[in-house]
Amino acid sequence: MHKCMRNKKSGMNRSAFVEFIRFFPFIIRKMPGLLSIFVVFSLCHSISWCVIIIANERLVDALTVFKDNEDASYIIKMLVIFGLIHVVKQLFNALANYVPIIIKGKLNRELELTFFIKMKDYGAIDYENPAFLDTVEKVENGKKEIVWEVITLCNILFFYIPYFVFTGVYLSQISPIFVLGIVVAFLPAVFTLFVRSN
């Protein structure tokens, strides 16, 4: 809180992205296990989407060369594998979306506790200062949003970036022009995070 007041008085306005990075050590201290699980599930979710791309190609190739008079066992095997991959993908999708809800609840409690501990340093006279009350209101609003913003940043780092990197490398072997499409598809997500954080 002291730092917030000093920053406001000095006109400092650090990047929201930098503030999110500075916030990570707090999360790591408070819930290292949950954060690790979230990262693992996000990576597995990303990998499952990448595997789907390969499975789609293999299935289409198998169906393309298939003829009525040929053995259908290979096609059936590919369909079973394709279905299992989708089941696994949906499982990791559910886990990667459920764990952040747990993180949000626990982190909100930790932030509330930290906030009240900080507020003990201030006296009644401070609550007559409009600038102080304005900062308190911003802190109250900020701590409600920063949890999901950090989770969004984690999703970009551990889901979207691995997914787009793998997809870009894979598609570049087919045609380099596809890589441009991947970059164009990824930019809106980064831009949205930047706008929301600021």
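Conventions and cut-offs
- Residues numbered from 1 in each chain as written.
- Predicted model: local features only at pLDDT ≥ 70, side-chain atom pairs only at ≥ 80, totals over all residues.
- Heavy atoms only, no water.
- Helix = DSSP H or I, 4+ residues; strand = E, 2+ residues; numbered from the N terminus.
- Buried < 20%, exposed > 50% of the residue type's maximum accessible area, 1.4 Å probe, protein only.
- Contact = heavy atoms within 4.5 Å.
- Areas by Shrake-Rupley, 256 points an atom, 1.4 Å probe, with all protein chains shown as cover.
- 1 Å grid on protein atoms, 1.4 Å probe; cavity = no way out; pocket = protein on both sides within 12 Å on 5 of 7 lines; lining within 4 Å.
- Points joined across faces, edges and corners; volume = space filled by probe spheres on them.
- Core = buried A, V, L, I, M, F, W, Y, C linked by side-chain atoms within 4.5 Å.
- Polar contact = N/O pair within 3.5 Å; in protein donor to acceptor, adjacent residues only side chain to side chain.

S.K.: Can you walk me through the overall build of the protein chain in this structure?
M.R.: Tallying secondary structure elements over the protein chain gives six helices and zero strands in all. Counting the 198 residues in the protein chain, one finds 31% classified as buried. Residue pairs in contact within the protein chain that sit at least 24 positions apart in sequence constitute 79% of those at least 6 positions apart. Accessible area for the protein chain stands at about 12,600 Å²; split by element, carbon and sulfur atoms hold 69% of it.

S.K.: What exactly am I supposed to notice about empty space enclosed by the protein here?
M.R.: Any empty space left between atoms is shown by rolling a water-sized probe over those atoms. In total, this model carries one cavity of 30 Å³ or more according to the counting rule given. Of the voids in this model, the largest cavity is the one considered here, and its volume is about 50 Å³. Ile 27, Leu 35, Phe 38, Ile 103, Leu 107, Val 147, Val 150, Ile 151 and Cys 154 are the residues that line the largest cavity. At the level of secondary structure, the elements contributing two or more residues to the lining of the largest cavity comprise α3 (32-65), α4 (73-119) and α5 (130-172). Counting residues per element, the lining of the largest cavity draws most heavily on α5, at four residues.

S.K.: Would you take a moment to explain the layout of surface pockets for this structure?
M.R.: By volume, the second largest pocket is sized at about 180 Å³. Looking at the second largest pocket, the residues that line it are Ser 42, His 45, Ala 96, Asn 97, Pro 100, Trp 148, Ile 151, Asn 155, Phe 159 and Tyr 160. Mapped onto the lining of the second largest pocket, the elements with two or more residues apiece are α3, α4 and α5. By residue number, the principal contributor to the lining of the second largest pocket is α5, which donates five residues.

S.K.: Sorry, what's going on with the environment of Tyr 170 here?
M.R.: Structurally, the position occupied by Tyr 170 is in helix α5. A sequence separation of 117 residues divides Tyr 170 from Ile 53, and the C-alpha atoms of the two residues are 9.2 Å apart.

S.K.: How do you make sense of the nonpolar core when you look at a structure like this?
M.R.: Here is a general trend for soluble globular proteins: nonpolar side chains tend to be buried in one another's company. Formed by 20 residues in total, the largest nonpolar core has its most connected members in Phe 23, Ile 27, Leu 107, Leu 111 and Val 150. Elements supplying a minimum of two residues to this core: α2 (16-30), α3, α4 and α5.

S.K.: Would you take a moment to explain the side chain of Thr 167 for this structure?
M.R.: Here Thr 167 lies in helix α5. Given the relative accessible area of 4%, Thr 167 is considered buried. Within polar-contact distance, the side chain of Thr 167 engages the backbone oxygen of Tyr 163 at 2.7 Å.

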